[in-house]
Protein chains: 2
Amino acid sequence: MPERNRRLVLAQRPTGNVEEETIRLEHVDAPEPGAGEALVHTRYLSIDPTIRTWMDDVQGYLPPIGLGEVIRSTAVAEVVRSNSERYSVGDLVFGLTGWQDYALAGEREGAMQLLPPGIDPTAALSVFGTTGMTAYFGLLDVGRIKEGDTVVVSGAAGATGSTVGQIARIKGAARVVGIAGSDEKCAWLTDELGFDSAVNYKTDDVGARLREACPEGIDLYFDNVGGELLDICLAQLALRGRVVLCGAIATYNARGKIEGPRNYRNLIPRRGRMEGFIILDYLGRFPEGQAEMASWVADGRVKFATHLVDGLEQAPAALNLLFTGGNKGKVIVRVE
Amino acid sequence: MPERNRRLVLAQRPTGNVEEETIRLEHVDAPEPGAGEALVHTRYLSIDPTIRTWMDDVQGYLPPIGLGEVIRSTAVAEVVRSNSERYSVGDLVFGLTGWQDYALAGEREGAMQLLPPGIDPTAALSVFGTTGMTAYFGLLDVGRIKEGDTVVVSGAAGATGSTVGQIARIKGAARVVGIAGSDEKCAWLTDELGFDSAVNYKTDDVGARLREACPEGIDLYFDNVGGELLDICLAQLALRGRVVLCGAIATYNARGKIEGPRNYRNLIPRRGRMEGFIILDYLGRFPEGQAEMASWVADGRVKFATHLVDGLEQAPAALNLLFTGGNKGKVIVRVE
């Protein structure tokens, strides 16, 4: 008797926020693992802003999720049956399960990565996963952070942003400034995570506060949100300043025309650089980043917060948290 | 008896186009060269879009021109009196004379560069001057052009743009596409300068024409104009595409709010880079670029056009040509 599989599929494309009609819950039989395959049971879903972009009918770095298809998502899962020597029952794996209870892990196509023993699954999805590696390679490789830099990060209380600020500090930034959406988050950044200052974009005059916090301009802006904050930071770019384009969460739910950053022109007199990246390109270098990250986590120099949401059916609401700013740190859905 | 000096000064800051009331003609005595100085007589003014940006009260890569000050401009001038061993009467020099008949050349402060004997003064201001070097270093150093690239350049019939396309061809670009403002200019690009195709932005559907001309996307967009063309090219950027920000002439005269390039977001999935530069940073490397350029000009692989305008008083009208697209190639004012 196959296991019963709950799965959340794309019922209709959202025009703005993910609403009730966007997602449909289905109950189906779990798939049967073939030769060389294992059946895995999803335990923890990684909730990332990029999932929202896959719901649009736009060719991005991955194809859009088709109507009726399971919502694409990475997760930590547990092997429950195996016809493969690669996977043993009880192993924890990381991979693209989607928003469902059961998925297949293959040996080549659809292969999943075995978690090292003893690693906390939520840490595997945050600091040691794509989230933490996005912060690491975005800052070091794309942003080429150097000692003495003034670093500003938006979405600073999010999983990636909070890690960016802490790595910037470790790498010798002269000033680390976070932009977040509540006083409580700002206090967390400065009191717990070692940021020099934090700006509440909902209540502060961001331009004025950044000028105070960055009197010599911004050497490196790590942009998770796009929109008006990007424009403000471009205006305050220091000579040879760099903008790392990681995401544009402020625009993903936009219904009408998005406004572009009119201060992009400042890149000319400032000799500035604005560059985008996708963390999948760095998969082969993850061990390098994970090793350094492990040492920082071990000696307490990188802290991370997890915002746990219980229940597979809560995944759409968990995704919306990222857009309303309802989270601090990494949003993870515990499936059972 | 000092020489009489005609000079054009900034009478009031323009809000859009340079108008009659923007510039005032004054007749004054020419300055007296002190010890170590020479008096030079301006022969050819280099008319560049950047002059318009200096008229705004905005701190750019150079301070704005003050009200009542001579309009800042580079030129080729002739030494007419000299108290310096550096300059001999009759020497041709290149430097910042401003829009006036006479200026002083110093030995350190305000030093001017001696032109090699035999060089045509208009060539010194175009292919061998900042214009040609902007094309050269922008394409090679900022854009890191490589063999097989699809290269698109806007303002392609301008002095810089036309040179960019020809260098791209020499450096092995697979496709060279120019965007210009008339069919006649487009024909010049393809028939005389070796561009593969040219798009008339005033009459063509630019997006559709670029998709035809660049079926694999744009690897390198050399942007002289900004505005909507930048947005269209960002949308068609190839993987790891680069946007070289050289200028934004479409926005310099804008009165209201400028629109930013909303497709900047495409830099993320495309892993794209958008970078600005100022040619002054490359002054020390000019000999390297000029040597290579000289060989290309000598063997006919780089051609250049000059749009000569006669009379110092015509300098404001000559500047406006750049914004109305009335020129083909380098705009130069012959002072007498």
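Residues numbered from 1 in each chain as written. Chains lettered and ligands numbered in written order. Predicted model: local features only at pLDDT ≥ 70, side-chain atom pairs only at ≥ 80, totals over all residues. Heavy atoms only, no water.

This paragraph deals with the overall build of chain A. Check the secondary structure of chain A and you find 10 helices and 15 strands. The principal-axis extents of the C-alpha atoms in chain A amount to approximately 65 × 45 × 35 Å. For chain A, the residues scored as buried account for 57% of the 336 residues in total. In chain A, once contacts between residues fewer than 6 apart in sequence are set aside, the share between residues at least 24 apart is 68%. Roughly 13,600 Å² of accessible area belongs to chain A as shown, and the carbon and sulfur atoms make up 48% of that amount. Taking the 35 positively charged and 44 negatively charged side chains of chain A as two groups, their mean positions are separated by 6 Å. (Helix = DSSP H or I, 4+ residues; strand = E, 2+ residues; numbered from the N terminus. Buried < 20%, exposed > 50% of the residue type's maximum accessible area, 1.4 Å probe, protein only. Contact = heavy atoms within 4.5 Å. Areas by Shrake-Rupley, 256 points an atom, 1.4 Å probe, with all protein chains shown as cover. Lys, Arg positive; Asp, Glu negative; His and termini not counted. Charge placed at Lys NZ, Arg CZ, Asp CG, Glu CD.)

With that out of the way, let us pick up the relation of the copies chain A and chain B. Superposing the two chain copies requires a rotation about an axis and a translation along that axis. Note on the identical chains: chain A maps onto chain B by a rotation of 180° and an axial translation of 0.0 Å, with an RMSD of 0.0 Å. On this basis, the relationship between the two copies can be described by a two-fold rotation axis. Measuring from the rotation axis to each C-alpha of chain A, the shortest distance belongs to A:Gly260, at 1.9 Å. Taken together, the interface assignments show that 100% of the residues at the interface of chain A recur at the interface of chain B, consistent with an identical surface on both copies. (Least-squares fit on C-alpha atoms with pLDDT ≥ 70 in both.)

Residue and element names in this part refer to chain B. In this fold, Pro2 is placed in the segment before β1 (4-10). Accessibility expressed as a relative area gives 29% for Pro2, which makes it partly exposed. Separated by 103 residues in the primary sequence, Pro2 and Ala105 have C-alpha atoms spaced 16 Å apart. Contacts of Pro2, omitting those with residues within four sequence positions, involve Asp29, Ala30 and Glu32.

All names here are of chain B. Counting buried residues along strand β15 (residues 330-334), 4 of its 5 residues qualify, which places the element largely inside the surrounding structure. Bridge analysis of strand β14 (residues 306-310) against β15 gives 5 bridges, and the strand direction is parallel. What sits directly across from His307, in β15, is Val331. This β-α-β element, β14 to helix α10 (residues 315-324) to β15, shows right-handed connectivity. (Pairing = 2+ DSSP bridges. Right-handed = clockwise from strand over helix to strand, strands pointing away.)

Counting from both sides, the interface comprises 33 residues of chain A and, opposite them, 33 residues of chain B. Here chain A packs against chain B, burying approximately 2,800 Å² in sum over the two surfaces, 59% of which is carbon and sulfur. Per-residue buried area on chain A facing chain B is highest for A:Tyr264, A:Ile268 and A:Arg271; these three make up 24% of the total on that side. The interface formed by chain A and chain B holds 4 salt bridges in total. Of the charged contacts, one joins A:Arg271 and B:Asp281 as a salt bridge, the two residues approaching to 2.6 Å between their closest N and O atoms. If you look at where chain A meets chain B, you find 11 residue pairs in polar contact (both at pLDDT 80 or more). Listed by contribution, the elements that provide at least two residues to the side of chain A that touches chain B are α7 (227-235), β12 (237-245), α8 (249-252) and β13 (273-276) of chain A. Per-element accounting of the side of chain A that touches chain B gives the leading share, 4 residues, to β13(A). Classifying every residue of the side of chain A that touches chain B gives 15 nonpolar, 8 polar and 10 charged. Relative to strand β13 (residues 273-276) of chain B, β13(A) runs antiparallel, the two being bridged by 3 bridges. (Buried area = accessible area lost by both parts, 1.4 Å probe. Salt bridge = Lys/Arg side-chain N within 4 Å of Asp/Glu carboxyl O. Polar contact = N/O pair within 3.5 Å; in protein donor to acceptor, adjacent residues only side chain to side chain. Nonpolar A, V, L, I, M, F, W, Y, C, P; charged D, E, K, R; others polar.)

The next point concerns the nonpolar core. Formed by 99 residues in total, the largest nonpolar core has its most connected members in A:Trp99, A:Leu210, A:Met274, B:Trp99, B:Leu210 and B:Met274. Counting 39 residues, the second largest nonpolar core, distinct from the first, contains B:Phe137, B:Ala173, B:Ala198 and B:Tyr282. (Core = buried A, V, L, I, M, F, W, Y, C linked by side-chain atoms within 4.5 Å.)

Looking now at the confidence of the model for chain A. On average, chain A scores 95 in pLDDT, and the residues at 70 or more come to 99%. Model confidence for the complex is summarised by a pTM of 0.92, with the ipTM given as 0.91. (pLDDT = per-residue confidence, 0-100.)

Moving on to the packing of aromatic side chains. Residues and elements named next belong to chain A. Evaluation of the coordinates by the stated rule reveals 12 aromatic pairs over all chains. Aromatic side chains Trp54 and Tyr61 sit 6.3 Å apart centroid to centroid with 55° between the ring planes, which places their arrangement in the tilted category. Overall, Tyr61 belongs to the partly exposed group, its relative accessible area being 25%. One aromatic cluster is present, built from ring pairs that chain together Tyr136, Phe137, Phe277, Tyr282, Phe286 and Trp296. Sitting over the ring of Trp54, Arg72 keeps its end group 4.9 Å from the ring centre. (Phe/Tyr/Trp six-rings, centres within 6.5 Å; stacked < 30°, edge-to-face > 60°. Lys NZ or Arg CZ within 6 Å of the ring centre and 35° of its normal.)

Glancing now at the sheet that holds strand β8 (residues 150-154) of chain A. Strand order across the open sheet formed by 12 strands is β10(A)-β9(A)-β8(A)-β11(A)-β12(A)-β13(A)-β13(B)-β12(B)-β11(B)-β8(B)-β9(B)-β10(B), with mixed pairing between neighbours. Among the strands making up the open sheet, the edge pair consists of β10 (197-200) of chain A together with β10 (197-200) of chain B. This sheet shows a mean twist of 15° between the axes of neighbouring strands, independent of strand direction. Judged from the 5 bridges that link them, strand β8 (residues 150-154) of chain B and strand β9 (residues 175-180) of chain B form a sheet pairing that is parallel. Following the sheet pairing, B:Val152 is matched in β9(B) by B:Val177. Set on the sheet, helix α5 (residues 183-191) of chain B makes contact with β9 and β10 of chain B; between it and β10(B) the angle comes to about 170°. (Axes fitted to C-alpha atoms, helices over the stretch in contact; angles between N-to-C directions.)

Here the focus is the side chain of B:Arg242. Residues and elements named next belong to chain B. Note on placement: Arg242 falls in strand β12 (residues 237-245). Among the residues examined, Arg242 registers a relative accessible area of 7% and is labelled buried. Here the side chain of Arg242 touches Arg240 through a polar contact of 3.4 Å, landing on its backbone oxygen. Excluding residues that lie within four positions of it along the chain, Arg242 makes contacts with Gly143, Arg144, Ile145, Lys146, Asp149, Asp219, Leu220, Tyr221, Leu237 and Arg273.

Attention shifts here to the pattern of salt bridges. Residue and element names in this part refer to chain A. Counted according to the given criterion, the structure contains 54 salt bridges over all chains. Measuring nitrogen to oxygen at the nearest pair gives 2.8 Å for the salt bridge that ties Asp101 to Arg6. One end of the pair, Asp101, is in the loop between β5 (92-95) and β6 (102-105); the other, Arg6, is in strand β1 (residues 4-10), and 95 residues separate them in sequence. Judged by its relative accessible area of 19%, Arg6 falls in the buried class. Salt-bridge contacts for Arg52 lead to Asp56; the nearest nitrogen and oxygen are separated by 3.0 Å.

Turning next to the packing of helix α3 (residues 130-142) of chain B against helix α4 (residues 159-170) of chain B. All names here are of chain B. Taken N-terminus to C-terminus, the directions of α3 and α4 make an angle of 45°; their axes are 8 Å apart at the nearest point. Classed by the angle they form, the pair α3 and α4 counts as oblique. The chirality of how α3 crosses α4 is right-handed. The segment α3 lies against α4, with Thr131, Thr134, Ala135, Tyr136, Leu139 and Leu140 engaging Ala159, Thr160, Thr163, Val164, Ile167 and Ala168. Looking at the contact of α3 with α4, its residues break down into 8 nonpolar, 4 polar and no charged. (Parallel < 35°, antiparallel > 145°, perpendicular 65-115°, else oblique. Left-handed = near helix turned anticlockwise from the far one by under 90°.)

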